[in-house]
Amino acid sequence: MKKRALIIGAAGFVGSYLAKELLTNHGMEVYVTKRSRKQLDIPGAKIYDLNILNKEEIVKLLYEIRPGYIFHLAAQSSVSVAWRNPGLTVDINVKGSVNLLDAVRELYYKPTVLLIGSGEEYGHIREDEVPINEENHLRPGNIYAATKACQNMIASIYSQAYDMNLIMVRAFNHIGPGQSSIFVVSDFCKQVAEIEKGIKSPTIYVGNLAAKRDFTDVRDVVRAYALLVQKGKAGETYNVGSGHAHEIREVLDLIISLSKTEIKVETDANKIRPVDVPIIEADITKLHDATGWSPGIPIAQTVQETLDYWRERV
Ligand code: A2R
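Calculation notes
- Residues numbered from 1 in each chain as written.
- Predicted model: local features only at pLDDT ≥ 70, side-chain atom pairs only at ≥ 80, totals over all residues.
- Heavy atoms only, no water.
- Helix = DSSP H or I, 4+ residues; strand = E, 2+ residues; numbered from the N terminus.
- Rg over C-alpha atoms; globule rule 2.2 N^0.38 Å.
- Buried < 20%, exposed > 50% of the residue type's maximum accessible area, 1.4 Å probe, protein only.
- Contact = heavy atoms within 4.5 Å.
- Areas by Shrake-Rupley, 256 points an atom, 1.4 Å probe, with all protein chains shown as cover.
- Lys, Arg positive; Asp, Glu negative; His and termini not counted.
- Charge placed at Lys NZ, Arg CZ, Asp CG, Glu CD.
- Core = buried A, V, L, I, M, F, W, Y, C linked by side-chain atoms within 4.5 Å.
- Pairing = 2+ DSSP bridges.
- Right-handed = clockwise from strand over helix to strand, strands pointing away.
- Salt bridge = Lys/Arg side-chain N within 4 Å of Asp/Glu carboxyl O.
- Domains from an automatic or database assignment.
- Buried area = accessible area lost by both parts, 1.4 Å probe.
- Polar contact = N/O pair within 3.5 Å; in protein donor to acceptor, adjacent residues only side chain to side chain.
- Nonpolar A, V, L, I, M, F, W, Y, C, P; charged D, E, K, R; others polar.
- Phe/Tyr/Trp six-rings, centres within 6.5 Å; stacked < 30°, edge-to-face > 60°.
- Lys NZ or Arg CZ within 6 Å of the ring centre and 35° of its normal.

## Comments concerning the overall build of the chain
Line of reasoning, step 1. Counting its regular elements, the chain contains 10 helices and 13 strands.
Line of reasoning, step 2. Taking 2.2 N^0.38 as the reference for a compact globule, 314 residues should give roughly 20 Å; the C-alpha atoms of the chain span a radius of gyration of 19 Å, in line with that estimate.
Line of reasoning, step 3. By principal-axis analysis of the C-alpha atoms, the chain measures approximately 60 × 45 × 40 Å.
Line of reasoning, step 4. The 314 residues of the chain split such that 52% are buried.
Line of reasoning, step 5. Long-range pairs, those at least 24 residues apart, make up 78% of the contacts in the chain between residues at least 6 apart in sequence.
Line of reasoning, step 6. For the chain, the accessible surface area stands at approximately 13900 Å², while carbon and sulfur atoms represent 50% of it.
Line of reasoning, step 7. Each charge class in the chain was averaged separately, 37 positive and 38 negative side chains, and the resulting centres sit 5 Å apart.

Printed below as a string of structure tokens:
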């Protein structure tokens, strides 16, 4: 019988990529949720409305679908929105996750739940801690990171205390076509596409270019998620990243090099975060050992496809 997978929070960037991966490469029956006002069309998946702030809605849905695998993607996922609206971010990322865990706990069977955290949880990483592994001390440097660290800690406790099949990931920056332009690579690609179309002056506005981040193509990320629910160990946390940090300046240069248009670069004070972490790079040994996964899509390809995505849309 086909395994049933439920993706909670599928209307965002990652959801449709994950649904496609589960349907085509793992032959799963796929159910996805969105918030009611959203439009969502994922061919081959059954779509439900769900607000994770309402626990009873989650319980009802789980009894109806009875998924073997649950992927918890729903989140307030923007670092900058989290600075502006910490209360909402805590509600969705912490209370929402606890609602899901409590709903799963009440079930008469034990599904495997994958909870998506973030490489940002490590926060202020020292040079000698890079590449960073899952045992490293967490020193979150922003509100979003703190909520994800909290989700991880609560899930670890639930997993042990209530013998639940919970697997946690710390996903590092993922990129690709379709990502919101509030995220750095998508933002740069969109600006370049707008400059090329002549709807924006030939200046690209940037934040802190010296920061180093570990970028992975979203299609590689979802491949890791699909493997982890099948091969990961309950109660464990796995880094999902490329294992290599790129300076933002290097990624910007790559994007600009893909355009024939003359482009100037200027700093925009609004894009500088109140607290920024200089380097984030994942040690992905644990993930590789558990699943055999390693990243497959080079950053140059992802950036090219993200730029082409915006060229078709602006
Ligand atoms: O904002 P919406 O309507 O698109 O919904 C977002 C959804 N979401 C919720 N779903 C149910 N109940 C809520 N109260 C609620 N609040 C937000 O979660 C959105 O469709 C989804 C998250 O999508 P993105 O923000 O695009 O995140 P992405 O990049 O797909 O990342 C998936 C996961 C997140 O946990 C990130 O924090 C992590 O990977 O990096």
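## Points about the nonpolar core
Line of reasoning, step 1. If you look at the biggest cluster of nonpolar residues, it comprises 46 residues, and the most contacted ones within it are Ile7, Leu22, Val32, Phe71, Leu114 and Tyr225.
Line of reasoning, step 2. Elements represented by at least two residues in this core include exactly β1 (4–8), α1 (13–26), β2 (29–34), β4 (69–72), β5 (112–118), β6 (165–171), α7 (218–231) and β11 (237–240).
Line of reasoning, step 3. Top element by residues in this core is α7. It accounts for nine residues.

## A closer look at the pairing of β2
Line of reasoning, step 1. With five of six residues buried, β2 is to be regarded as a mostly interior element.
Line of reasoning, step 2. As judged from the four bridges shared by β1 and β2, these two strands associate in the parallel manner. Among the inter-strand pairings, Ile7 is bridged to a residue of β2, identified as Val32.
Line of reasoning, step 3. In this view, the connection linking β1 to its parallel neighbour β2 by way of α1 has right-handed handedness.
Line of reasoning, step 4. Taken together, the four bridges between β2 and strand β3 (residues 46–49) define a ladder with parallel strand orientation. Each bridged residue has a counterpart across the sheet, and for Val32 the counterpart in β3 is Ile47.

## Considering the pattern of salt bridges
A side chain with one charge may pair with a side chain of the opposite charge, provided their charged atoms come close.
Line of reasoning, step 1. Tallying each qualifying case throughout the model produces 18 salt bridges.
Line of reasoning, step 2. The partner of Glu106 in a salt bridge is Lys55, with the nearest N and O atoms 2.6 Å apart. Taken together, the positions of Glu106 in the loop between α4 (86–105) and β5 and Lys55 in helix α2 (residues 55–65) put the pair 51 residues apart, joining distant regions of the chain.
Line of reasoning, step 3. The residue Glu194 makes a salt bridge to Lys190 at a minimum N-O spacing of 4.0 Å. With Glu194 and Lys190 both in helix α6 (residues 184–197), this residue pair falls four residues apart, about one helical turn.
Line of reasoning, step 4. Salt bridges sharing common partners tie together Arg126, Asp128, Glu129 and Arg139.

## Let's talk about the domain arrangement of the chain
Line of reasoning, step 1. Here the domain parsing of the chain yields domain 1 (4–175 + 215–244 + 281–297) and domain 2 (184–211 + 245–277 + 300–311).
Line of reasoning, step 2. The C-alpha-based centres of domain 1 and domain 2 are spaced at 28 Å.
Line of reasoning, step 3. Taken together, the 15 residues of domain 1 in the interface contact 14 residues of domain 2.
Line of reasoning, step 4. Both sides together, the interface formed by domain 1 and domain 2 hides about 1300 Å², and carbon and sulfur atoms give 65% of it.
Line of reasoning, step 5. The tally of links from domain 1 across to domain 2 stands at one salt bridge.
Line of reasoning, step 6. There are three residue pairs in polar contact (both at pLDDT 80 or more) connecting domain 1 and domain 2.
Line of reasoning, step 7. The class makeup of the residues in the side of domain 1 that touches domain 2 is six nonpolar, five polar and four charged.

## Side note on the side chain of His72
Line of reasoning, step 1. Position of His72 relative to the elements: it lies in strand β4.
Line of reasoning, step 2. A distance of 3.1 Å separates a polar atom in the side chain of His72 from a polar atom in the side chain of Ser97.
Line of reasoning, step 3. Those residues in contact with His72, other than ones at most four positions away along the chain, are Ile8, Ile52, Ser97, Leu100, Leu114, Leu115, Ile116 and Gln151.

## A closer look at the packing of aromatic side chains
Line of reasoning, step 1. Taken as a whole and judged by the stated rule, the model has seven aromatic pairs.
Line of reasoning, step 2. Measuring from centroid to centroid gives 5.1 Å for Tyr158 and Tyr162, while their planes differ by 80 degrees, and the two rings are edge-to-face.
Line of reasoning, step 3. Overall, the relative accessible area of 12% leaves Tyr158 in the buried class.
Line of reasoning, step 4. Classification of Tyr162 as partly exposed rests on a relative accessible area of 37%.
Line of reasoning, step 5. The ring of Tyr162 is capped by Arg105, whose NZ or CZ atom sits 3.6 Å from the centre of that ring.

## What to know about unusual backbone geometry
Line of reasoning, step 1. A cis amide bond links Val130 with the next residue in sequence, Pro131, at an omega value of -5 degrees.
Line of reasoning, step 2. Assignment of secondary structure puts Pro131 in the loop between β5 and α5 (143–161).
Line of reasoning, step 3. With phi around 50 degrees, Arg66 is a residue other than glycine that occupies positive phi space.
Line of reasoning, step 4. Structurally, the position occupied by Arg66 is in the loop between α2 and β4.
Line of reasoning, step 5. You will see that Asp163, though not glycine, has its phi angle at about 50 degrees, which is positive.
Line of reasoning, step 6. Following the sequence through the fold, Asp163 ends up in the loop between α5 and β6.

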